[in-house]
Amino acid sequence: MSSPATTAPVRWRVACPGDLRGRSWDGVSVVHHVPSGDTQLLNALAAATLQRIAAGAIGVEALVEAACKDQPAQPRADIDRQVRTLLAELADVGIIEPDA
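Just so it is clear, the structure is predicted and the values come from calculations on it, not from any experiment.

(A) Broad picture of helix α2 (residues 60–70). Of all the residues in α2, the buried ones are V60, L63, V64, A66, A67 and C68. Among the structural elements, β1 (11–14), α1 (44–54), β5 (58–59) and α3 (76–92) are those in contact with the buried residues of α2.

Here you go:
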């Protein structure tokens, strides 16, 4: 009898690093995705998460752990939900993708 296949946790990366333009000032960040022409307004969590992904492929748990350190007063479950929602939104607009 064979054992069920296991899947590795998804790691995320920026889809096309050269196609992103970003700016931050006074606690506000924006990123422009050149291929789509879309500009996204990012809160602090989103900006930090995208910055971590841009630094190299990274998994959800590492992103959640880093965000928890950034926001120690927030419950981990809330941060986990926010990070997972953010990843889905960034993937939907083509900014990030699973690392193959």
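(B) Just the packing of α1 against α3, in detail. Taken N-terminus to C-terminus, the directions of α1 and α3 make an angle of 65 degrees; their axes are 11 Å apart at the nearest point. As far as their axial angle goes, α3 and α1 are roughly perpendicular. Regarding α1 and α3, the two cross each other, and that crossing is right-handed. Only Q82, V83, L86, L87 and L90 of α3 make contact with α1, whose side of the interface consists of L45, A46, T49, L50 and I53. Residues belonging to the contact of α1 with α3 are distributed by class as follows: eight nonpolar, two polar and no charged.

(C) How the structure looks around the pattern of salt bridges. Under the criterion given, the structure shown has seven salt bridges. For the salt bridge of R13 with D99, the shortest nitrogen-to-oxygen distance reads 3.6 Å. Taken as a pair, R13 in strand β1 and D99 in the segment after β6 (96–98) lie far apart in primary sequence, 86 residues in all. The partner of R76 in a salt bridge is E61, with the nearest N and O atoms 3.4 Å apart. Taken together, the residues R76 in helix α3 and E61 in helix α2 connect sequence positions 15 residues apart. Exposure remark for R76: the relative accessible area of 38% places this residue in the partly exposed category. By relative accessible area, which is 45% here, E61 ends up partly exposed. Linked through salt bridges whose partners overlap, the residues forming this network are E61, E65, R76, D80 and R84.

(D) Examining the sheet that holds strand β3 (residues 28–33) more closely. Strands sit in the order β2-β3-β4 across an open sheet of three strands; the sheet is antiparallel. The open sheet has two edge strands with one neighbour each: β2 (20–25) and β4 (38–42). Within the sheet, the average angular offset between the axes of one strand and its neighbour, ignoring direction, is 15 degrees. As paired strands, β2 and β3 are joined by six bridges and run antiparallel to one another. By the bridge assignment for β3, R21 is matched with H32. Most of the contacts of α1 go to β4, to which it runs at about 115 degrees, and overall it touches β3 and β4.

(E) Representation of the side chain of H33 in the model. Locating H33 in the fold gives a position in strand β3. The class of H33 is buried, set by a relative accessible area of 9%. Leave out the neighbours within four places in its chain, and H33 touches D19, L20, D38, V93, G94 and I95.

Conventions we followed
- Residues numbered from 1 in each chain as written.
- Predicted model: local features only at pLDDT ≥ 70, side-chain atom pairs only at ≥ 80, totals over all residues.
- Heavy atoms only, no water.
- Buried < 20%, exposed > 50% of the residue type's maximum accessible area, 1.4 Å probe, protein only.
- Helix = DSSP H or I, 4+ residues; strand = E, 2+ residues; numbered from the N terminus.
- Contact = heavy atoms within 4.5 Å.
- Axes fitted to C-alpha atoms, helices over the stretch in contact; angles between N-to-C directions.
- Parallel < 35°, antiparallel > 145°, perpendicular 65-115°, else oblique.
- Left-handed = near helix turned anticlockwise from the far one by under 90°.
- Nonpolar A, V, L, I, M, F, W, Y, C, P; charged D, E, K, R; others polar.
- Salt bridge = Lys/Arg side-chain N within 4 Å of Asp/Glu carboxyl O.
- Pairing = 2+ DSSP bridges.

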